[in-house]
Amino acid sequence: MTGSHSETVAHALDRLCIELPSWGFANTGTRFGKFLQPAAAVTIEEKFSDAGQVHALTGSCPTIALHVLWDLPNGFDSVPDLARLSARYGVNAGSINPNYFQDQIYKFGSFGNPDPEVRSAAFRHTVESIEIAKRAGSRDVSLWFADGSNYPGSANIRQRRRWFEECLRAAHQHLAPAQRMLVEYKPFEPAFYHTDIGDWGMALLLARHAGTQAKVLVDTGHHYAAQNIEQIVAWLLAEGMLGGFHFNDRRYADDDLTLGSIDPYQVFRIFHEMLTFEWETGDPADIAFMIDQSHNLKGKIEAMIQTVTVAQELFCKAALVDRAALATAQASTDIVRAESCLQDAFSTDVRPAIREWRVAKGLAADPLNAFRESGYLERITRDRHDRNMSTISSYA
Ligand code: RM4
Ligand code: MN
Ligand code: MN
């Protein structure tokens, strides 16, 4: 690795921040059931503690995303505790995620529900989430809606779109000037005929309608197979509308597998578009990166460390693309040379330079091994085992 490679890698890692999902440390499962892990986190304190371990070992995860219903059951009243948890575990509250899919009232949707009472309940929950974010010092309120329908004819698609427009616009008025509202899209699941915010175009139109602080949130798994996600990223960047990106990988649908486990080149290409945007415009892309994975089989903390490591590697590889050479090759339609610029960077082994950066920062040279040797997992397994294994849970 040449000196300049090491510098590029160090510079890339210094700025790479990846938010951890609180629910990624908890026992979650597939719709068929959960395989309980004795070390899983239940309380918000445990989630902060586990996230703190990942940040201490990787140096890249200073914030933890919170789900209002799961982490802050007393709404506002739960907020003061966050400052104490941040001070104790070294990670701050990150994006605030309202929950529109768990309560019984949301059977037929939230903002898209034909029942005005349900729409206003969902709206109140959104406003409460914005206020929680303000008080917690969180910039982003991330909105994902399970709304949709299962059968043709059962929902008035345009009417529901209007309700979404109204609710999002009204919610936007509650944002403080520095806050953002992120609108996530997903083509299917849990609804299987139509989803109210089904793709990036719908999310873009709704965000534009809501107000200037609303941006689009892209989740790797929320695309049909073979969709060109990096092109969507490039277009949203060009529009100044890419606000967040959820990390995971997929083979079939929204599988929430480990980032880069199936297609690392795709993640590289996505990072490449983001960094090229910055190189060309001189503007920071200002994209909130978050891991959106909750592992059912892998150890939860290990899986997070692995994901962060993969993200660091792929981000550094993307930073190594010779963009001046690429621009020249593109301008002269030298296709092979242009493609090689990406391939050369992608095949560079950045691990030695990343290791150097870690050591220089006083971080563990190998975060996963350091975690395995730390004794933390054994300690939390002892502490949480009895409680966790007595939790009975099944799909039906
Ligand atoms: C959705 C989406 C959201 C996440 C929920 C739990 O598929 O990815 O971002 O909060 O799952
Ligand atoms: Mn997501
Ligand atoms: Mn998802």
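Residues numbered from 1 in each chain as written. Chains lettered and ligands numbered in written order. Predicted model: local features only at pLDDT ≥ 70, side-chain atom pairs only at ≥ 80, totals over all residues. Heavy atoms only, no water.

### Let's talk about the coordination of the manganese ion (ligand 3)
No. 1: Donor atoms from the polypeptide that coordinate the manganese ion (ligand 3) comprise His-222 (NE2) and Asp-254 (OD), at 2.2 Å from the metal.
No. 2: The metal-metal distance between the manganese ion (ligand 3) and the manganese ion (ligand 2) is 4.0 Å. With His-222 in the loop between strand 8 (214-219) and helix 8 (229-238) and Asp-254 in the loop between strand 9 (242-247) and helix 9 (264-281), the pair connects residues that are 32 residues apart, well separated along the chain. As far as the burial class goes, His-222 and Asp-254 line up, both buried. (Donors = N, O, S within 2.8 Å, 3.2 Å for Na, K, Ca; no water. Helix = DSSP H or I, 4+ residues; strand = E, 2+ residues; numbered from the N terminus. Buried < 20%, exposed > 50% of the residue type's maximum accessible area, 1.4 Å probe, protein only.)

### A closer look at the site of ligand 1
No. 1: Around ligand 1 sit His-67, Trp-144, Glu-184, Lys-186, Asp-219, His-222, His-246, Asp-254 and Asp-292, and that is every residue in its neighbourhood.
No. 2: Contact between ligand 1 and Lys-186: an oxygen atom at 3.1 Å from a side-chain N or O atom of the residue.
No. 3: Side-chain polar atom of Asp-292 to an oxygen atom of ligand 1: 2.8 Å apart, as the coordinates give it.
No. 4: In isolation ligand 1 has 290 Å² of accessible area, and contact with the protein removes 88% of it.
No. 5: When grouped by side-chain class, the residues that make up the shell around ligand 1 number one nonpolar, three polar and five charged. (Near = heavy atom within 4 Å. Polar contact = N/O pair within 3.5 Å; in protein donor to acceptor, adjacent residues only side chain to side chain. Areas by Shrake-Rupley, 256 points an atom, 1.4 Å probe, with all protein chains shown as cover. Nonpolar A, V, L, I, M, F, W, Y, C, P; charged D, E, K, R; others polar.)

### Topic: the packing of helix 9 against helix 10 (residues 300-319)
No. 1: Packing of helix 9 against helix 10 brings their axes to within 8 Å, and their N-to-C directions diverge by 50 degrees. Between helix 9 and helix 10, the interaxial angle falls into the category oblique. Regarding helix 9 and helix 10, the two cross each other, and that crossing is right-handed. Only Ala-311, Leu-314, Phe-315, Lys-317, Ala-318 and Ala-319 of helix 10 make contact with helix 9, whose side of the interface consists of Pro-264, Val-267, Phe-268, Phe-271, His-272 and Leu-275.
No. 2: Across the contact of helix 9 with helix 10, the residue classes break down as 10 nonpolar, one polar and one charged. (Axes fitted to C-alpha atoms, helices over the stretch in contact; angles between N-to-C directions. Parallel < 35°, antiparallel > 145°, perpendicular 65-115°, else oblique. Left-handed = near helix turned anticlockwise from the far one by under 90°. Contact = heavy atoms within 4.5 Å.)

### Side note on the coordination of the manganese ion (ligand 2)
No. 1: Every protein donor of the manganese ion (ligand 2) is accounted for by Glu-184 (OE), Asp-219 (OD), His-246 (ND1) and Asp-292 (OD), and the metal-donor separations fall at 2.1 to 2.3 Å.
No. 2: If you look at the manganese ion (ligand 2), its six donor atoms make angles of 72 to 165 degrees with each other, and the shape they trace is octahedral.
No. 3: Read in sequence order, the donor residues for the manganese ion (ligand 2) give the motif E-x34-D-x26-H-x45-D. (Tetrahedral: all angles 85-135°; square planar, octahedral: opposite > 155°, others 65-115°.)

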